[in-house]
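Each chain, letter by letter, is given below.
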Amino acid sequence: MTYHSRYPAISDLKARARRRIPHFVWEYLDSATGVEATQRRNRTQLDQVLFNPSILHGEFKPDLSTTLLGHTHPLPIGIAPVGMSGLIWPGAEQMLARTAAAENIPYALSTVASQLPEDVGPHAGPHAWFQLYPPRDPGIRDDLLKRARDSGFTAIVLTVDVPVASRRERQTRGGLTQPPKLTPRLAMQAAQCPAWLNGIRKTGMPRLRLMESYSDVKGTLPSNEHVGYLLRTSPDWDYFKALRDAWDGPLIVKGVSLPEDAARLTAQGADVIWVSNHAGRQFDGGPATIETLPQVRAATDLPVIFDSGIEGGLDVLRALALGADFVMLGRAFHYGVAALGEPGAAHVLDILRQDMISNMGQLGIRTLADLAGRLRKPPQIS
């Protein structure tokens, strides 16, 4: 029996993941902030993007390849940064890095990962990106950049949509602290997930090892007020310029939603614009990412990355049709590793690949560049 026969969709992996990880970990992975309206909006607004199927095109095999930052990838898909991946599944950072290297796609390691860049970079292949939560101290910033470069990371992803900590009420109610500690309540949840618990016993309870190497903060903190928040700043345009001067490789800016910001970033030296609303985890009163994508696309001639709300290959095609050059997924790959271990990440990619091929066949298009021509109309996204 193949993975496709048992888990044909990412939703199947999500359901299995929920059974295999403790409830407090699930709340960390799956939650947003507020009443989670933005998270729902990401989904409902993607569903408003429709295509016109087209017939009588004969047999063909669609070409899913694309080029980003001078590199050709077999799919327009990469693995987005997720903090504390090793909490979601023990060893997840290395698992995802190895999958990305084997599949020739980008993998972005979070500043607040449970593993150090030195321990992950060698696994990630030539398309390793380091996601930067901007440190307040320029000395820490420069040391992080050096460590990332020395570990094989070739691009920096500056996240700009976390100027302050979000509330994340559901995550807080789950009881997670930083560093994580198994209180009696959480230990009871962990005991019901033996595969997860056995993995944690081998790897140790995950910590924000990179951030802790720059801090002498002791004790536990709420999960949305951890040591990473204590060290980071809310960047401004001067910070962006200083980072641009300090890093001589590709600089990707993640969390853009306004076209005027995209235009200014283009003028001031960004290499890629990443349209994202942090999957609804930061602010509950904004538009869906797919709503902001066309305006950002029109404001820049740089490559545009998209995330937030993607649940299958059809969603990837929707984002590409509305102007994205590349799509990154975070939760989906973590559902995969939590459900099946390391093979789960490759299975997520295969689900997306097969879904894209199927839908492109229905549309009668051979290349990703043909997608926009099959849009039913300029989507009336409310």
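For the structure itself, consult the block above.
The rules behind each value
Residues numbered from 1 in each chain as written. Predicted model: local features only at pLDDT ≥ 70, side-chain atom pairs only at ≥ 80, totals over all residues. Heavy atoms only, no water. Helix = DSSP H or I, 4+ residues; strand = E, 2+ residues; numbered from the N terminus. Rg over C-alpha atoms; globule rule 2.2 N^0.38 Å. Buried < 20%, exposed > 50% of the residue type's maximum accessible area, 1.4 Å probe, protein only. Contact = heavy atoms within 4.5 Å. Core = buried A, V, L, I, M, F, W, Y, C linked by side-chain atoms within 4.5 Å. Salt bridge = Lys/Arg side-chain N within 4 Å of Asp/Glu carboxyl O. Axes fitted to C-alpha atoms, helices over the stretch in contact; angles between N-to-C directions. Parallel < 35°, antiparallel > 145°, perpendicular 65-115°, else oblique. Left-handed = near helix turned anticlockwise from the far one by under 90°. Nonpolar A, V, L, I, M, F, W, Y, C, P; charged D, E, K, R; others polar. Phe/Tyr/Trp six-rings, centres within 6.5 Å; stacked < 30°, edge-to-face > 60°. Lys NZ or Arg CZ within 6 Å of the ring centre and 35° of its normal. Pairing = 2+ DSSP bridges. Right-handed = clockwise from strand over helix to strand, strands pointing away.

Draft legend 1. Focus on the overall build of the protein. Secondary structure assignment for the protein yields 19 helices and 12 strands. Computed over the C-alpha atoms, the radius of gyration of the protein is 20 Å, within 12% of the 21 Å expected from 2.2 N^0.38 for a compact globule of 382 residues. Dimensions of the protein, computed from the C-alpha atoms along their principal axes, are close to 65 × 55 × 40 Å. Across the 382 residues that make up the protein, the buried fraction comes to 56%. Look at the contacts in the protein between residues 6 or more apart in sequence, and 75% of them connect residues 24 or more apart.

Draft legend 2. Up close: the nonpolar core. Core analysis: the largest hydrophobic core is formed by 106 residues, its most contacted members being I77, Y107, W196, I290, L293, F333 and L371. For this core, the element with the highest residue contribution is helix α19 (residues 342–363), accounting for 8 residues. Leaving out residues up to four positions away in the same chain, W196 has contacts with R20, I21, P22, F24, V25, L87, I88, W89, P90 and A190. Membership of the second largest hydrophobic core comes to 12 residues, among which are A80, A108, I252 and V272.

Draft legend 3. View of the pattern of salt bridges. Throughout the structure, instances matching the rule amount to 23 salt bridges. K146 is the partner of D150 in a salt bridge, and the nearest nitrogen-oxygen pair spans 2.7 Å. With a gap of 4 residues between them, D150 and K146 both fall in helix α8 (residues 138–150), about one helical turn apart. For D150, a relative accessible area of 55% gives the class exposed. The exposure class assigned to K146 is partly exposed, which follows from its relative accessible area of 46%.

Draft legend 4. Representation of unusual backbone geometry in the model. At E36, a residue that is not glycine, the phi angle is positive and equals roughly 65°. Residue classification places E36 among the buried residues on the basis of a relative accessible area of 13%. Positive phi is not limited to glycine here, since M84 has a value of about 55°.

Draft legend 5. Inspection of the packing of helix α6 (residues 92–103) against helix α18 (residues 331–340) at higher detail. The N-to-C vectors of α6 and α18 enclose an angle of 110°; their axes lie 11 Å apart at closest approach. In terms of orientation, α6 and α18 fall into the roughly perpendicular class. Relative to α18, α6 is oriented so that their crossing is right-handed. Residues A92, M95 and L96 of α6 pack against F333, H334 and V337 of α18. Tallied by class, the residues present in the contact of α6 with α18 amount to 5 nonpolar, 1 polar and no charged.

Draft legend 6. Representation of the packing of aromatic side chains in the model. Inspection of the entire model under this criterion finds 4 aromatic pairs. Both rings, one in F130 and one in F153, keep their centres 6.0 Å apart while their planes meet at 70°; by these two values the pair is edge-to-face. In this pair, F130 is assigned in strand β5 (residues 128–132) and F153 in the loop between α8 and β6 (155–159), connecting sequence segments 23 residues apart. Overall, the relative accessible area of 2% leaves F153 in the buried class. Stacked on the ring of Y28, the Lys or Arg R281 has its end atom at 5.4 Å from the ring centre.

Draft legend 7. Region of interest: the environment of R173. Here R173 is to be found in helix α9 (residues 169–174). The exposed category is assigned to R173, whose relative accessible area is 62%. Sequence separation between R173 and D137 is 36 residues, and the spatial gap between their C-alpha atoms is 32 Å.

Draft legend 8. Fine view of the environment of Y3. As for its placement among the helices and strands, Y3 is situated in helix α1 (residues 3–6). The spatial distance from the C-alpha of Y3 to the C-alpha of L243 is 43 Å, given a sequence separation of 240 residues. Apart from residues no more than four positions distant in its own chain, Y3 is found in contact with P8, L340, P343 and H347.

Draft legend 9. The environment of D325, seen in detail. Along the chain, the position of D325 falls in the loop between α17 (313–321) and β12 (326–329). Of the residues examined, D325 reaches a relative accessible area of 28% and is grouped as partly exposed. For the pair D325 and L368, spaced 43 residues apart in sequence, the C-alpha separation works out to 9.3 Å. Setting aside chain neighbours within four positions, we find D325 in contact with T66, P76, R297, L302, P303, V304 and L320.

Draft legend 10. View of the pairing of β6. Of all 5 residues in β6, 5 are buried, a share of seventy percent or more. What you see with β6 is no split at all: A155, V157 and T159 on one side and I156 and L158 on the other are buried throughout. Two elements, β5 and β6, share 4 bridges in a ladder whose sense is parallel. Across the sheet, residue Q131 finds its bridge partner in β6, namely V157. On the question of chirality, the crossover connecting β5 to the parallel β6 by way of α8 is right-handed. The pairing of β6 with strand β9 (residues 251–256) spans 4 bridges and is parallel. Across the sheet, residue T159 finds its bridge partner in β9, namely K254.

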